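# Breakdown of the fold
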Amino acid sequence: PLRDGVVTDDTRVRASIETLQRLIDGGAKVIVASHLGRPKGKVDPSSSLRPVAQSLEEHLGHPVTFVDACLGKRVEEAIASLSDGGVLLLENLRFEAGEEQNHPDFARDLANLADVYVNDAFGTAHRAHASTEGMTAYLEESYAGSLLLSELEHLDIVRNPKRPLLCLLGGAKVSDKLAVLEALARHSDVLAVGGAMAYTFLASKGQPTGRSLVEAERIPDARKVIDSAESSGRKLLLPVDHRVVDEIDESAVPEVVDFIPDDKIAVDIGPQTARMYAEEASSAATVFWNGPMGIFEIPAFAEGTRTVARGVAESEARSIVGGGDSVAAINQLGLADQIGHLSTGGGASLQYVQGLALPGLTALDR
Ligand code: ADP
Ligand code: MG
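Our subject in this report is the structure included herewith. Please read these numbers as outputs of a predicted model, since none were measured by experiment.

The rules behind the values
- Residues numbered from 1 in each chain as written.
- Chains lettered and ligands numbered in written order.
- Predicted model: local features only at pLDDT ≥ 70, side-chain atom pairs only at ≥ 80, totals over all residues.
- Heavy atoms only, no water.
- Pairing = 2+ DSSP bridges.
- Helix = DSSP H or I, 4+ residues; strand = E, 2+ residues; numbered from the N terminus.
- Axes fitted to C-alpha atoms, helices over the stretch in contact; angles between N-to-C directions.
- Contact = heavy atoms within 4.5 Å.
- Near = heavy atom within 4 Å.
- Polar contact = N/O pair within 3.5 Å; in protein donor to acceptor, adjacent residues only side chain to side chain.
- Nonpolar A, V, L, I, M, F, W, Y, C, P; charged D, E, K, R; others polar.
- Core = buried A, V, L, I, M, F, W, Y, C linked by side-chain atoms within 4.5 Å.
- Buried < 20%, exposed > 50% of the residue type's maximum accessible area, 1.4 Å probe, protein only.
- Right-handed = clockwise from strand over helix to strand, strands pointing away.

### Remarks on the sheet that holds strand β13 (residues 265–269)
Strand pairing within a sheet occurs via backbone hydrogen bonds; the two strands may be parallel or antiparallel. Pairing is antiparallel in the open sheet, where 3 strands are placed in the order β12-β11-β13. Both edges of this open sheet fall to β12 (255–257) and β13, since each of them pairs with a single strand only. Strand-to-strand twist across the sheet, computed as the mean angle between neighbouring axes with direction ignored, equals 45 degrees. For strand β11 (residues 242–245) and β13, the ladder comprises 4 bridges, and the chain directions are antiparallel. Paired with H242 across the two strands is I269, which belongs to β13. Relative to the sheet, helix α11 (residues 271–283) contacts β11, β12 and β13, its axis offset from that of β13 by approximately 35 degrees. Taken strand by strand, helix α12 (residues 303–314) contacts β11 and β13, and its axis lies near 20 degrees from that of β13.

Structure representation (structure tokens):
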């Protein structure tokens, strides 16, 4: 997460240090490539990785050269002038359409910059993109980094959980996440839904959602998740009360309601729901959480996320929290050291814990 060109939560940067440091210590010329946000194949200055170079430099205690391109003459020149143990960060890979298209030309050109490939981007392993999948075909040596390996180790706890397993799901990426939730509904003993995702679920049950974020075309998927949970005898919990506002605004004072009025937007789960979810956490043996319960970036809408986070932190359960914003919320609340594992992957962790194949991992195996 960034705000005004500064990294506001450096969890993912810190998590990448171990592998980078080993490569530096080994005398490699390290070309770091990554993405940020969803610029959709076009240059978008607000998604530049430049602020990340600064954060990386601080955490490595080692200079990091930044070049505002990922291919081409300037990149080649920057690589040529790298010393052994030197670090170069390329510009956002998603500024190039070939990255998400997994275009073979782009994958080959990226691969040609280097001799050896290391994938430490667990959070993108569920995508078959040029930098996560395509380029391995053009390199003789491809490896998993230590972050990626450690993520798999921790997420295996959710894959083969001590039961009862509680999965808490929220956040805004409804269409991304709903598609993989059906299996998760069957895998978990209790699935508790909050965040914007909850309103697509409520809509699928014919409940009022006002002007809350609902993805109409995903309502059938939500229905399937509910049916899946029901037919396998699992518990699926949806919010029973809500914090609503007229407009999403820092100064708005939310009102607690049981049913969302037509003209209101739900921005957080209500207190009764938050207590119910926190109680579920206290009786679970394993908790997996992805996605905040409300628009937690605005303090007045963070109460639900806060209550649930405290419940998870205080629980004896083994807890794994995944997703950029979810982890940021935990850090903001100062609860990080009471959580078993903070995963750098949101969508990837969702996909992995239910036993689905991840293209980035399959490519490394190959
Ligand atoms: P993660 O990064 O943890 O995987 P997402 O990116 O899916 O989570 O979602 C995080 C975003 O969801 C946050 O920016 C938060 O403001 C937003 N969000 C949560 N609840 C709501 C809501 N009720 N309406 C709109 N946005 C929401
Ligand atoms: Mg996010």
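Now that the structure has been shown, we can carry on.
### Digging into the site of ligand 1
Around ligand 1 sit 19 residues, and of these A172, K177, E297, D325 and S326 come closest. A172 has a polar backbone atom sitting 2.9 Å from an oxygen atom of ligand 1. The greatest single-element share of the shell around ligand 1, amounting to 3 residues, is contributed by helix α13 (residues 324–332). For the shell around ligand 1, a count of residues per class yields 7 nonpolar, 8 polar and 4 charged.

### Side note on the nonpolar core
For soluble globular proteins, nonpolar side chains are generally found buried alongside one another. In terms of nonpolar packing, the biggest core is built from 40 residues, with F122, L181, F201 and F288 touching the most fellow members. In terms of residue count, the dominant contributor to this core is helix α8 (residues 174–187) (6 residues). Here F122 is in contact with L148, E151, L152, L155, S343, T344, G345, A348, S349, Y352 and L358, once residues within four sequence places are set aside. In terms of nonpolar packing, the next biggest core, distinct from the first, is built from 24 residues, A281, A313, L335 and L342 among them.

### Considerations on unusual backbone geometry
Omega for the bond connecting R163 with P164 falls within 30 degrees of zero, at 5 degrees, which places this linkage in the cis form. Mapped onto the secondary structure, P164 falls in the loop between α7 (146–159) and β8 (165–169). With a phi angle near 50 degrees, D4 is a residue other than glycine that sits in the positive phi range. Inspection of the secondary structure assignment puts D4 in the loop between β1 (2–3) and β2 (6–7). The backbone phi angle of K40 is positive, close to 55 degrees, even though this residue is not glycine. Along the chain, the position of K40 falls in the loop between β3 (30–32) and α3 (50–60).

### Some details on the pairing of strand β4 (residues 64–67)
Two faces make up the sheet, and in a regular strand the side chains alternate between them. Pairing analysis gives 4 bridges linking β4 to strand β5 (residues 87–90), with the strands arranged parallel. Residue pairing in the sheet places T65 in a bridge with L88 of β5. Assessed by its sense of winding, the connection that carries the chain from β4 through helix α4 (residues 73–80) to β5 is right-handed.

### Comments concerning helix α9 (residues 197–204)
Of all 8 residues in α9, 7 are buried, a share of seventy percent or more. Where α9 is concerned, the buried positions are M197, A198, Y199, T200, F201, L202 and S204. Buried positions along α9 lie against β8, α8, β9 (190–193), α10 (219–231), β11 and β13. One or two positions beyond α9, positive phi appears at G206, with a value near 80 degrees.

### With respect to the sheet that holds β3
With respect to topology, 3 strands assemble into an open sheet ordered β3-β5-β4, the strand pairing being parallel. A strand with exactly one partner marks an edge of an open sheet, and here the two such strands are β3 and β4. With direction set aside, neighbouring strand axes in the sheet form an average angle of 25 degrees.

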